[in-house]
Amino acid sequence: AATTTRAITLPGLAGEPRVGPPLWSPDGRTLAFTVTGPTGLTLWAASVPQGSGAGATTPIVARRVATVPLNAAAGPPCAWAGNARLACLVLPANRG
């Protein structure tokens, strides 16, 4: 299968953030991924327009999904629970 490369805009992030591996929703319409930044590991997602293969020009813009830091100590912090929901492990607010 051919590989297609597309840029995804991450508004509000400066520099070159460390982006984790993609988590495609079961229906292939949403791409979720983690970003490691100064406040910890956060979850981002982008809706991928249909027909977004090679040659597509519609920009893909990701948004930060949650403001709480994720917990990846035991492996990937998130997994899809259906086509539109992600279940994630988060760090407690009062962690020492």
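Up top is the structure.
Attention here is on the structure that accompanies the text. Owing to the predicted nature of the structure, the values given are computational and were not obtained by experimental measurement. (Residues numbered from 1 in each chain as written. Predicted model: local features only at pLDDT ≥ 70, side-chain atom pairs only at ≥ 80, totals over all residues. Heavy atoms only, no water.)

## Concerning the state of the cysteines
- Enumeration over the complete set of coordinates arrives at one disulfide.
- At a sulfur-sulfur separation of 2.2 Å, the disulfide partner of Cys 78 is Cys 88. Taking the sign of the torsion about the S-S bond as the criterion, the disulfide between Cys 78 and Cys 88, at about 115 degrees, is right-handed. Here the residue Cys 78 occupies a position in strand E8 (residues 78-80), and Cys 88 occupies one in strand E9 (residues 86-88), the gap between them amounting to ten residues. (Disulfide = S-S within 2.5 Å. Helix = DSSP H or I, 4+ residues; strand = E, 2+ residues; numbered from the N terminus.)

## Here's the deal with the pairing of strand E4 (residues 30-37)
- Of all eight residues making up E4, six are buried, and the element is well covered by its neighbours.
- As consecutive antiparallel partners, strand E3 (residues 23-24) and E4 are separated by five residues, and within that stretch Gly 28 has a phi angle of approximately 75 degrees, a positive value.
- Sheet analysis places E4 next to strand E5 (residues 40-47), joined by eight bridges and oriented antiparallel. Bridge pairing in E5 places Thr 36 opposite Leu 41.
- Hairpin connection of E4 to E5: two residues between the antiparallel strands. (Buried < 20%, exposed > 50% of the residue type's maximum accessible area, 1.4 Å probe, protein only. Pairing = 2+ DSSP bridges.)

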